Amino acid sequence: MNNVYIEKDLTWEDQITDNITYIPLAGASEISNFRSPDSYVFIFFEKCEGIHSIDFMEYQEANHQIHISFPGQIHSWKTKEGSLGHKLIVSRKFAEVNLFGTKFSSQHVNNHPIVNLNLDQFNKLRNEFILIRQEIEDQKVHRKIVSLRAQLIIHLINQMMDEQNLDEADKTRIHPIISSFYSLLEAHFPESKSVHFYADKLALTPNYLNILVKTELGKTAKDIIDSRVVLEAKRRLLGTGQSIKQIALDLGFQSISSFSAYIFRKTGFYPKKFREGGI
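Residues numbered from 1 in each chain as written. Predicted model: local features only at pLDDT ≥ 70, side-chain atom pairs only at ≥ 80, totals over all residues. Heavy atoms only, no water.

**Overview of the pattern of salt bridges**
Part 1: Within this structure, the stated rule accounts for 15 salt bridges.
Part 2: Of the charged contacts in the structure, one is a salt bridge between Asp55 and Arg235, with a shortest N-O distance of 2.6 Å. Here Asp55, found in the loop between strand 4 (50-54) and strand 5 (57-61), pairs with Arg235, found in helix 9 (residues 221-239); they are 180 residues apart in sequence, far enough to count as distant.
Part 3: Here Asp55 falls in the buried class, since its relative accessible area comes to 13%.
Part 4: Using a relative accessible area of 7% as the deciding quantity, one classes Arg235 as buried.
Part 5: Put simply, Arg35, Asp55, Glu186, Arg228, Glu232, Arg235, Arg236 and Asp250 are held in one network by salt bridges that share partners. (Salt bridge = Lys/Arg side-chain N within 4 Å of Asp/Glu carboxyl O. Helix = DSSP H or I, 4+ residues; strand = E, 2+ residues; numbered from the N terminus. Buried < 20%, exposed > 50% of the residue type's maximum accessible area, 1.4 Å probe, protein only.)

In structure tokens:
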């Protein structure tokens, strides 16, 4: 097998809904405000230099890294010449069926979008990416083998993250109620922005939920709810072609004016201004 690499095809990538896709990467690449609504993306860089922004946070691209994005996240990047790597894309459906119990499922938050690998981890993962590439290119290989190979790669990444963050995780293990709160928030934030709503589903008083969230996260439950709504608004304003009216309705607002007032109150900018890049 030769070592010819191809560039990204973002139009095609955005159409992925329920499959496994492998794309070899090489060379410079630049894109702004790309949003993949239905896919988890794992980028394994052998060699790389550049900047990758995920949900408006900038990260340095470097050798021996994994970059991870979850469905719905918005990202931009400017990758320099000489970069070399591999991209594995799996649908939300694939993750729900095959990745339960890992960090890559709908009930989790992408707390570690960038993972730095030691040499042993890098070599092990590189071997697995080479194998899945060979198997995808070999049309005689049964698709079940490709599925298992993809699962193995992602479970290895999950394990490597556990190994790398073991001591940190022991110190910052999230309270189970907070974890449940996040899961409920992901499912219901367009429906309700009320602390009482989530407290009721958790069989808690709103005051106790606020105290617990404040103790664990340093913010109130209302702060967390509002941050999630604002993040989704920003993702859609820059990462989709939806009208502001449709975004407002999708996020549970009755009118553009109430949506605009809410966003301005929380961020200091109006949706139209943010979309136009005027902030």
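Continuing now.
**A closer look at the nonpolar core**
One recurring pattern in soluble globular proteins: nonpolar side chains tend to sit buried together.
Part 1: Phe181, Tyr198, Leu209 and Phe259 are the most contacted members of the largest nonpolar core, which totals 30 residues.
Part 2: When contributions to this core are tallied by element, the ones reaching two or more residues are helix 6 (176-188), helix 7 (195-201), helix 8 (206-217), helix 9, helix 10 (244-250) and helix 11 (256-267).
Part 3: Top element by residues in this core is helix 9. It accounts for seven residues.
Part 4: Other than its neighbours up to four places away in sequence, Phe259 contacts Ala233, Ile244, Ile247, Ala248, Leu251, Phe253 and Pro271.
Part 5: Counting 28 residues, the second-largest nonpolar core is a separate cluster that includes Phe42, Ile66, Leu88 and Val146. (Core = buried A, V, L, I, M, F, W, Y, C linked by side-chain atoms within 4.5 Å. Contact = heavy atoms within 4.5 Å.)

**Quick word on the confidence of the model for the chain**
Part 1: In the predicted model, the chain carries a mean pLDDT of 87, and the fraction of residues at 70 or more is 89%.
Part 2: Per-residue pLDDT stays below 50 along residues 1-18; that stretch engages in 48 contacts with residues further than four places along the chain or on separate chains. (pLDDT = per-residue confidence, 0-100.)

**Concerning the side chain of Thr79**
Part 1: The residue Thr79 is located in strand 7 (residues 74-79) in this model.
Part 2: We classify Thr79 as buried; its relative accessible area is 7%.
Part 3: Side-chain polar atoms of Thr79 contact the side chain of Glu61, separated by 2.8 Å.
Part 4: Other than its neighbours up to four places away in sequence, Thr79 contacts Gly27, Ala28, Ser29, Cys48, Glu49, Gly50 and Glu61. (Polar contact = N/O pair within 3.5 Å; in protein donor to acceptor, adjacent residues only side chain to side chain.)

**Overview of the pairing of strand 3 (residues 39-47)**
Part 1: Among the nine residues that make up strand 3, eight are buried, leaving the element largely enclosed by the rest of the structure.
Part 2: Where strand 3 and strand 8 (residues 84-91) come together, eight bridges link them in antiparallel fashion. Bridging across to strand 8, Phe42 finds its partner in Leu88.
Part 3: Two strands pair when backbone bridges link them, and strand 3 and strand 6 (residues 65-69) are joined in this way by five bridges, in the antiparallel orientation. Note on strand 6: the bridge partner recorded for Phe42 is Ile68. (Pairing = 2+ DSSP bridges.)

**Digging into helix 4 (residues 143-164)**
Part 1: With 22 residues, helix 4 should cover 32 Å at 1.5 Å per step; its first-to-last C-alpha distance of 32 Å lies within 8% of that length.
Part 2: Those residues of helix 4 not exposed but buried are Val146, Ser147, Arg149, Ala150, Gln151, Ile153, Ile154, Leu156, Ile157, Asn158, Met160 and Met161. (Expected span 1.5 Å × (residues − 1).)

**Describing unusual backbone geometry**
Part 1: Backbone geometry at Asn33 places phi at a positive 55 degrees, although glycine is not the residue there.
Part 2: Tracing the chain through its elements places Asn33 in strand 2 (residues 29-35).
Part 3: Given a relative accessible area of 29%, Asn33 falls into the partly exposed group.
Part 4: Of note, Phe56 is a non-glycine position whose phi angle comes to about 70 degrees, a positive value.
Part 5: Examined against the element boundaries, Phe56 turns out to sit in the loop between strand 4 and strand 5.

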